[in-house]
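Observations on the model geometry
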Amino acid sequence: PHLSFSFMSRLGECSSGICEIGGKAFHLNRLHERFPVPTGFVITESASTQTLHQLLRELKTPSVAVRSSAVDEDGSSYSFAGMHTTLLHVPCNYSAVQRAIEECKQSVHSDRATKYRAQRQKTSHYLDEIDLTIPIMPIVIQEMIAPLGSGVCFTQHPITKKRNEILLEFVPGLGESLVSGHVTPEQHVYSVSKNQVVLLRKEHGDRMGEEILTDAVALQVVQLCLEVEKASDNIPQDIEFSYDGKQVWLLQARPITTICPTNQLETSDLLSNRTTREVIPHPMTYMSWSAFFEVIHQGLQIRYQKRKMNYTAICGRPDRGFYELRRGFLYQNLTVLDLLSREEFGAGYEETLMRSFSEVPPELFHSLCSKTRISFTKQISGGLGLINYLRKVTDTIERTQYLLDLHRARFPVFLPKSHFDSWCLDALYGEFSSIQEDFIEFGGCYIEAQIYLELLSSIVQGLLEPRNDKKGTSETFNMLLIGLGDVISHKMNLELAEVITSARNDQVVLSYLEQQSPKAHHQRWHNWNEALDGTETQDLLVRFLRNYGHRAICELEVSSPRWGNDPSYIFELMRLPPNCGSNIDIEESKAKREATENEILQACSFATRPIMRWAVSKLQEFIRFRENLKDIVVRFIARQQQILLAIAAQWKEQSILSTLEDIYHISLTHMREFAAGTLSVRDVQALSCRNKELYEEFSSVTIPPKIFCGNKAEVALSGAPGVQMDEGTTKYYGNAGAPGTAIGTAVVIHSLSEIQFLSNCQAESKVLVCSITDPAWTPLFLQVSAVVVETGGVLSHSAIVAREFGIPCVFAIPDLLTMIRSGDILKVNGSEGS
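First, a word on scope: everything that follows refers to the structure included in this document. All figures in this text were calculated on a predicted structure; none of them were measured in a lab.

Within the protein chain one finds 29 helices and 24 strands. Looking at the protein chain as a whole, 55% of its 834 residues qualify as buried. Put simply, 71% of the contacts in the protein chain that link residues at least 6 apart link residues at least 24 apart. Carbon together with sulfur atoms contributes 52% to the accessible area of the protein chain, which is approximately 36,700 Å² in total.

Here the focus is the side chain of Gln650. Along the polypeptide, Gln650 turns up in helix 23 (residues 609–653). Look at Gln650 and you get buried, because its relative accessible area is 18%. Contact partners of Gln650, with chain neighbours within four places excluded, come to Trp423, Cys424, Leu425 and Leu428.

What follows covers helix 14 (residues 393–410). Since the α-helix packs 3.6 residues into each turn, any two residues three or four apart lie on the same face. For helix 14, spanning 18 residues, the distance from its first C-alpha to its last is 25 Å, which sits close to the expected 26 Å at 1.5 Å a residue. Contacts made by the buried residues of helix 14 are with helix 13 (376–391), helix 15 (425–464) and helix 23.

Together, Phe376, Ile380, Leu384 and Ile387 make up a nonpolar patch on the protein surface, roughly 440 Å² of accessible area in all. Turning to its location among the elements, Ile380 is positioned in helix 13. For Ile380, a relative accessible area of 42% gives the class partly exposed.

Structurally, the position occupied by Ser69 is in the loop between strand 3 (63–68) and strand 4 (86–91). Sequence-distant contacts of Ser69, that is, excluding residues within four places in its chain, are made with Ile21, Gly22, Gly23, Lys24, Ala25, Met137, Pro138 and Val140.

All told, the structure shown has 28 salt bridges when counted by the stated rule. For Glu344, the salt bridge is made with Arg303, and the minimal N-O distance between the two is 2.9 Å. Pair noted here: Glu344 is in helix 10 (residues 334–345) and Arg303 is in helix 8 (residues 286–306), with a separation of 41 residues, a long-range link. Arg303 shares its class with Glu344; the two are buried. Linking Asp438 and Arg410 is a salt bridge whose minimum nitrogen-to-oxygen distance equals 2.1 Å. Of this pair, Asp438 sits in helix 15 while Arg410 sits in helix 14; the two residues are 28 residues apart in sequence, bridging distant segments of the chain. What you see here is one network of salt bridges that share partners, running through Arg303, Arg307, Glu344 and Glu448.

Once that is clear, we can look at unusual backbone geometry. One non-glycine residue with positive phi stands out, namely His89, at about 55°. Given the relative accessible area of 47%, His89 is considered partly exposed. Even without being a glycine, Arg327 presents a positive backbone phi close to 55°. As for its position among the elements, Arg327 is in the loop between strand 13 (323–326) and strand 14 (329–333).

Before going further, it helps to spend a moment on the sheet that holds strand 14. The strand order across the open sheet built from 5 strands is 13-14-12-15-16, with neighbouring strands paired in antiparallel fashion. For this open sheet the edge positions go to strand 13 and strand 16 (712–714), each flanked by a neighbour on one side alone. Strand-to-strand twist of the sheet, defined as the mean angle between neighbouring strand axes without regard to direction, takes the value 40°. Here 2 bridges tie strand 12 (residues 270–272) to strand 14, and the two strands are oriented antiparallel to one another. The partner of Ser272 across the bridge, within strand 14, is Gln332. Packed onto the sheet, helix 8 meets strand 13 and strand 14 and runs at close to 160° relative to strand 13.

This next bit is on the pairing of strand 7 (residues 165–172). Of all 8 residues in strand 7, 7 are buried; the element is thus mostly enclosed. With 6 bridges connecting them, strand 6 (residues 149–154) and strand 7 associate as antiparallel partners. Considered in strand 7, the bridge of Val152 is made with Glu169. Where strand 7 meets strand 8 (residues 186–193), 6 bridges bridge the pair, whose relative direction is antiparallel. Each residue of the ladder has a partner; that of Phe170, found in strand 8, is Glu186.

In this structure, Phe544, Met574, Trp651, Ile663, Met671 and Leu780 are the most contacted members of the largest nonpolar core, which totals 155 residues. Tallying contributions element by element places helix 23 first for this core, with 20 residues. The contact partners of Trp651, leaving out residues within four places of it in the chain, are Leu425, Tyr429, Ile656, Leu657, Ile663, Ile666, Met671, Phe674 and Val684. Among the nonpolar cores identified, the runner-up in size contains 29 residues, and Ile21, Leu31, Tyr190 and Ala253 belong to it.

What follows deals with the sheet that holds strand 11 (residues 248–255). Across the sheet, which stays open at both edges, the 6 strands sit in the order 9-8-7-6-10-11 with antiparallel pairing between neighbours. Where the open sheet ends on each side, the last strands, each with one partner, are strand 9 (196–203) and strand 11. For this sheet the average axis-to-axis angle between neighbouring strands, irrespective of direction, equals 20°. Across 6 bridges, the pairing between strand 6 and strand 10 (residues 237–243) is antiparallel. From the neighbouring strand, Val152 faces strand 10, where its bridge partner is Glu240.

With that settled, the discussion passes to the packing of helix 14 against helix 23. Orientation of helix 14 relative to helix 23, taken along the N-to-C sense of each, is 30°, at an axis distance of 10 Å. One finds that helix 14 runs roughly parallel with respect to helix 23. The way helix 14 lies across helix 23 gives a crossing that is left-handed. Only Trp614, Lys618, Glu621, Phe622, Phe625, Asn628, Leu629, Ile632, Arg635, Phe636 and Arg639 of helix 23 make contact with helix 14, whose side of the interface consists of Val393, Thr394, Thr396, Ile397, Thr400, Gln401, Leu404, His407, Arg408 and Arg410. Taken together, the residues that form the contact of helix 14 with helix 23 break down as 9 nonpolar, 6 polar and 6 charged.

For the rest of this paragraph, the subject is helix 20 (residues 536–548). Over its 13 residues, helix 20 runs 18 Å from end to end, which matches the ideal 18 Å to within 8%, given 1.5 Å per residue. Within helix 20, burial applies to Thr537, Gln538, Leu540, Leu541, Phe544, Leu545 and Tyr548. Buried residues in helix 20, looked at end-on, bunch into an arc of 165°, giving them a common side. Along helix 20, the residues that are exposed and aim more than 90 degrees away from the buried face are Glu536 and Asp539. Looking at the buried side of helix 20, the elements it contacts are helix 17 (488–504), helix 18 (507–515), helix 19 (528–531) and helix 21 (568–574).

The description of an aromatic ring pair uses the distance of the two centres, along with the angle that the planes make with each other. Counting across every chain of the model gives 23 aromatic pairs. Centroid distance Tyr331 to Phe708: 5.0 Å. Interplanar angle 80°. Geometry classified as edge-to-face. Of the two residues, Tyr331 is situated in strand 14 and Phe708 in strand 15 (residues 707–709); the sequence distance between them amounts to 377 residues. A single burial state applies to Tyr331 and to Phe708, both of which are buried. One aromatic cluster is present, formed by Trp289, Phe292, Phe293, Phe322 and Tyr323 through successive ring pairs. Sitting above the plane of the Phe357 ring, Arg274 keeps its charged end 4.7 Å from the centroid.

About the cut-offs
- Residues numbered from 1 in each chain as written.
- Predicted model: local features only at pLDDT ≥ 70, side-chain atom pairs only at ≥ 80, totals over all residues.
- Heavy atoms only, no water.
- Helix = DSSP H or I, 4+ residues; strand = E, 2+ residues; numbered from the N terminus.
- Buried < 20%, exposed > 50% of the residue type's maximum accessible area, 1.4 Å probe, protein only.
- Contact = heavy atoms within 4.5 Å.
- Areas by Shrake-Rupley, 256 points an atom, 1.4 Å probe, with all protein chains shown as cover.
- Expected span 1.5 Å × (residues − 1).
- Patch = residues over 30% accessible without salt bridge, like charges linked within 9 Å, V, L, I, M, F, W, Y side chains within 5 Å.
- Salt bridge = Lys/Arg side-chain N within 4 Å of Asp/Glu carboxyl O.
- Pairing = 2+ DSSP bridges.
- Axes fitted to C-alpha atoms, helices over the stretch in contact; angles between N-to-C directions.
- Core = buried A, V, L, I, M, F, W, Y, C linked by side-chain atoms within 4.5 Å.
- Parallel < 35°, antiparallel > 145°, perpendicular 65-115°, else oblique.
- Left-handed = near helix turned anticlockwise from the far one by under 90°.
- Nonpolar A, V, L, I, M, F, W, Y, C, P; charged D, E, K, R; others polar.
- Arc of directions from axis to C-beta.
- Phe/Tyr/Trp six-rings, centres within 6.5 Å; stacked < 30°, edge-to-face > 60°.
- Lys NZ or Arg CZ within 6 Å of the ring centre and 35° of its normal.

Written out as structure tokens, the structure is:
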């Protein structure tokens with residue numbers, strides 16, 4: 001059959017990216033503009049054209065080299081060196097080149113290439129838009145050079161890893177003997193210092209006869225390769241070359257993957273999950289991450305554009321930002337936060353981050369955040385900018401309240417999955433896109449509220465520190481945040497308590513709960529509506545699920561089952577014993593808060609009193625906003641899930657997916673490309689299958705690293721709890737989250753699948769001990785007298801809800817779950833943080 005090609009372009013004239021022409025062609029095309037590269041062209045996928053005849057005639061050479069250029073070849077992470085076919089001395093006629101092209105294309109499916117690709121993916125993050133399982137194979141065709149000798153030059157020594165050493169290897173004739181290892185090459189090692197290149201040592205290898213690569217020519221090669229490295233953003237290069245007696249020709253240039261894997265080629269950023277492990281404690285699916293990243297990234301672009309800042313330029317790379325993923329887990333990029341704070345407020349990490357991220361060793365901040373000194377002028381302009389920013393807080397509150405009301409009206413109730421059953425795919429795609437666009441706008445508002453919350457928290461704590469009263473800054477600060485009311489999670493809990501109370505007083509419901517087998521957890525309660533028909537509990541539960549069916553365990557993950565689709569968790573709560581914890585008295589908490597406010601204001605000077613009053617009132621407003629804004633975020637995600645499940649149902653009918661859940665393992669971009677017809681069914685299936693395997697691999701990690709430096713996990717050394725031994729008692733220090741003291745029996749719960757442990761504990765007073773909490777844990781707070789959490793902060797969910805419920809809370813005790821066992825007697829001092 002005759003081959004034809006949709007795209008051809010001469011090297012040096014091609015404007016396409018690596019996704020269209022592959023790794024080798026992309027690098028050669030770039031080199032051709034400035035360096036000696038054999039004449040040639042690149043071809044991609046087939047379509048009718050006669051251009052190949054013309055381009056072959058233009059080469060005016062008896063033979064050509066036909067070379068593979070897969071999209072995943074010669075990349076920054078993996079080279080695929082020797083995995084795909086290259087054919088040399090191919091006669092420069094159409095039929096011979098046609099056969100060579102077909103042979104090259106078939107090599108992408110060879111056993112060695114497939115195994116190499118599979119091995120590569122074992123350590124990858126989720127697969128992106130380039131489908132590595134079924135790669136595209138563009139082909140490079142170049143004039144065949146008749147070399148006297150060929151070689152390779154590494155601009156960083158690949159064995160010693162020394163950055164100032166260069167290794168050059170050379171053999172007579174073609175480079176195949178060098179690659180195969182059949183010949184011991186000449187070896188030249190150079191030292192580079194201040195642009196001076198000095199030969200350190202030279203070994204002749206198997207060379208016999210006249211010297212081909214003289215010292216002068218070898219030095220010319222090294223200097224040429226250093227220029228290539230400079231043109232490649234100073235990333236160490238692996239460069240193949242040939243020498244024909246007159247000219248040194250560059251045949252290939254790629255990053256040295258054995259020295260510079262992705263985690264070193266990228267900026268070594270400092271990442272922490274201190275603020276993220278509470279809200280998303282488990283790995284994110286690829287769909288969830290891609291939608292989340294788009295919302296945050298574009299929301300921040302809009303936010304900083306209003307501040308006359310270029311967020312994308314500050315981040316430096318498209319995949320770098322406020323949040324990043326490592327092995328499926330969500331982390332905050334502290335290096336980027338530092339850059340943004342410096343630019344916006346003229347304050348570096350020492351003022352803005354080190355206190356909040358105390359578990360990060362200071363030396364990591366010093367080495368991985370910007371070392372540039374902030375000028376006095378920048379500090380002044382940043383300080384003035386901060387004052388002006390704070391002056392706009394009222395406008396932000398009004399805007400935030402407007403969006404809260406707008407989107408609560410848009411998602412007033414939880415819609416069942418059946419609501420979208422009759423929609424066609426185009427309508428579902430359109431609705432998802434519409435929701436995502438609004439989500440991006442709301443995401444910017446949510447981020448703005450978070451920034452104000454952190455700023456106001458720092459201001460209030462800073463104003464409290466000089467007081468040095470008996471209570472201490474932490475306890476006084478926490479007292480200002482109790483009994484605020486108007487928090488959605490508190491309202492939800494009151495409605496849920498009504499459902500549970502009704503269930504415990506209804507014999508029909510109690511009988512139903514008794515009959516359920518502990519097997520097949522996800523199917524246990526599928527017939528609840530029919531079984532409870534006509535009961536008050538049914539009416540209350542239906543109302544509750546209409547209002548709060550969008551909530552879930554790990555609810556910021558789009559794949560998490562919503563209570564409205566699967567109310568299993570609600571029924572598990574019904575099986576718990578009646579509340580034995582602290583009785584909630586919002587009015588009492590409110591009175592304590594107001595008394596604390598008056599006490600603080602009385603102690604303030606005339607000058608600082610209005611500042612304190614303003615800062616405290618605004619902080620309290622944003623504390624209320626935090627939980628309420630998150631509720632809207634969850635409503636967006638829940639509606640997106642319902643639409644995704646409706647899309648997945650139709651894809652499954654068309655044999656595109658095997659299960660509905662497979663849709664969570666492609667990205668948002670993949671879904672859009674498939675809807676537009678630019679991604680094939682085979683691609684969707686391969687990506688979903690491989691990303692699902694990666695997700696399962698990531699999920700096997702129970703405790704993710706708290707800190708990453710680039711892609712390398714680090715051990716968090718700072719922030720270990722203080723421990724005092726006294727008469728058989730161990731005292732652990734963390735941070736104060738909610739004031740008060742309580743004594744009770746520890747109930748250690750690793751996840752909500754273990755909530756029966758609360759039922760099993762017969763103690764009158766219980767202390768919940770856990771790693772993290774989110775809103776799904778809120779009902780458990782009614783069962784206990786105190787909460788102790790391994791992670792979190794003063795503005796975290798556990799602290800906010802504990803303050804609302806009037807129970808003491810201590811957080812930030814590293815390795816808590818390895819030190820406390822269920823049954824231990826604990827005295828929790830939420831005022832002291834111990």
